[in-house]
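Structural features, examined
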Amino acid sequence: MSVTTYTSILETEKAVKGTVRYKRIKWSIFLVGVSVFAQLYNYQPLLSEITSYFQITPAESSYLVSASTFGMAIGLLLFAFIADQYPRKDIMMFSLTTSTLLTLLSVWNTDFGILININFIKGICISGVSAVTLAYLAEEIDSKSIGTAISFYLAGNTFGGMFGRITAALVSGWYNWQTAVLVIGIIAVGIAIAFYILFPESHFFTPQKMRFNRKFKQMLCLFSNPKLLAMYIVAICLMGSFVSVYNYLGFKLEAAPYNLPHYLIALIFLMYAFGIFGNLTAGKLSDLYSPKKILLIALGLLLLGIALMYLENILLILLGLTIFTIAFFSGHTIASRVVTTLGKKAKSSATALYWFFYYMGSTVIGSSTGLFINKGHWNGFFISLMILAGIALVATYWTTRKAN
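The following paragraphs examine the structure supplied in this document. (Residues numbered from 1 in each chain as written. Predicted model: local features only at pLDDT ≥ 70, side-chain atom pairs only at ≥ 80, totals over all residues. Heavy atoms only, no water.)

Attention shifts here to helix H2 (residues 20-40). Between its terminal C-alpha atoms H2 stretches 30 Å, which fits the 30 Å expected from 21 residues at 1.5 Å a residue. Burial of H2 is extensive: 15 of the 21 residues sit out of reach of the surface. (Helix = DSSP H or I, 4+ residues; strand = E, 2+ residues; numbered from the N terminus. Expected span 1.5 Å × (residues − 1). Buried < 20%, exposed > 50% of the residue type's maximum accessible area, 1.4 Å probe, protein only.)

Turning our attention to the packing of H2 against helix H7 (residues 112-140). Running from amino to carboxyl end, H2 crosses H7 at an angle of 155°, the nearest separation of the two axes being 11 Å. Judged by the angle between their axes, H2 and H7 are roughly antiparallel. Handedness of the crossing formed by H2 with H7: left-handed. Within the contact between the two elements, H2 uses Arg 21, Ile 25, Ile 29, Val 32, Val 36, Gln 39 and Leu 40 and H7 uses Lys 122, Ile 126, Val 129, Thr 133, Tyr 136, Leu 137 and Glu 140. Within the contact of H2 with H7, the residues separate by chemical class into 9 nonpolar, 2 polar and 3 charged. (Axes fitted to C-alpha atoms, helices over the stretch in contact; angles between N-to-C directions. Parallel < 35°, antiparallel > 145°, perpendicular 65-115°, else oblique. Left-handed = near helix turned anticlockwise from the far one by under 90°. Contact = heavy atoms within 4.5 Å. Nonpolar A, V, L, I, M, F, W, Y, C, P; charged D, E, K, R; others polar.)

Turning next to the layout of surface pockets. The space that makes up the largest pocket amounts to roughly 340 Å³. In terms of lining, the largest pocket is formed by 21 residues, of which the most central are Pro 45, Ser 48, Glu 254, His 262 and Ile 265. Elements with a minimum of two residues in the lining of the largest pocket: helix H3 (47-54), helix H8 (146-174), helix H11 (226-254) and helix H12 (262-266). Counting residues per element, the lining of the largest pocket draws most heavily on H11, at 5 residues. Looking at the lining of the largest pocket residue by residue, the classes come out as 12 nonpolar, 7 polar and 2 charged. (1 Å grid on protein atoms, 1.4 Å probe; cavity = no way out; pocket = protein on both sides within 12 Å on 5 of 7 lines; lining within 4 Å. Points joined across faces, edges and corners; volume = space filled by probe spheres on them.)

Now for the packing of aromatic side chains. A full pass over the atoms with the stated rule returns 29 aromatic pairs. Geometrically, the ring pair formed by Tyr 358 and Tyr 359 is edge-to-face, given 4.9 Å between the ring centres and 90° between the ring planes. Taken as a pair, Tyr 358 and Tyr 359 share a single burial class, namely buried. Between Trp 378 and Phe 381, the ring centres sit 5.5 Å apart and the planes meet at 80°, which makes this aromatic pair edge-to-face. Taken as a pair, Trp 378 and Phe 381 lie in helix H18 (residues 378-400) at a separation of 3 residues, close to a single helical turn. A cation sits over an aromatic face here: Lys 89 above Tyr 196, 5.4 Å from the ring centre. (Phe/Tyr/Trp six-rings, centres within 6.5 Å; stacked < 30°, edge-to-face > 60°. Lys NZ or Arg CZ within 6 Å of the ring centre and 35° of its normal.)

Just geometry here; none of it tells us what the structure is for.
Shown next as structure tokens:
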């Protein structure tokens, strides 16, 4: 058999575990997740310093995070209409390059309003990655390996969120928030170069133009599926509660009676390591058991974690944060897989809408819960999060109580 023929055969088969192509895809998307989420949330651990630097309230400081996630939400809708017209890798490379430039640009800005706008535009640029990555995996990875592949991508997101937040928190504590952002930008440059070299082009996707009206109708049809609607509700509640906790818990821990220094507060983002465990475990379990049962368990644990953080004991707060983090990432992994499966021929549209609601939850809920923090009403803060977890739990159970 000739080399040309052998290569042709390989290119007609989807990537499976153990192959070079699978490994390149897996590690490339892991790095993409690191870059995207390190940049998207690089201001989250800096909110206390941002509050002092710009003389604003905690809720106002969270606008930097919300601007990025709102940009993500808007960008996902835009990319939903154009993503299928361009190669998957080109869109992802565009996102990595432009977001990195904007991150570096923000280092030299000292106007809070301009900083918010930069973050908003950066969110739009980053959204290209989220708009096509899950679709790429569904197209290029063998169905028996898709759960593990998706969980690995989400693990990269998790590691990026943890690594970016801890790095930013420590560097800002030792120097300032500008230096912290610069370090994240430099790391993003290195990842963009590695991605360009390593990531394989699509073998099972051909760019095609789609009329606006057809795409719009396709997206509207997705709302007729109650299980998809439930996953969109889960996305809002999961991300809204998660961003709220990691936005504001540091304010609680740096105040009396805890009075923790910045380097210890930064370590709470090590909880993301448990998130990676949740990602990978949920992904493997979803290949073996009913995703519905796993998701219901994850949402139940989310509620338990919030309830423990409601208490005043520091050890119970940390235990609650651990359970909450594992539950969030496990639930997100399962919901992502369900949406990808239910999307069928409209995978890119279904996943784009999932990410849209996911980041709208971050944008709206992540900032609005800060109003409780402005007034020191921690009871109202945690009760509102428990209500969100309850809504997600009920929505999932109600739409999956009977087999379709």
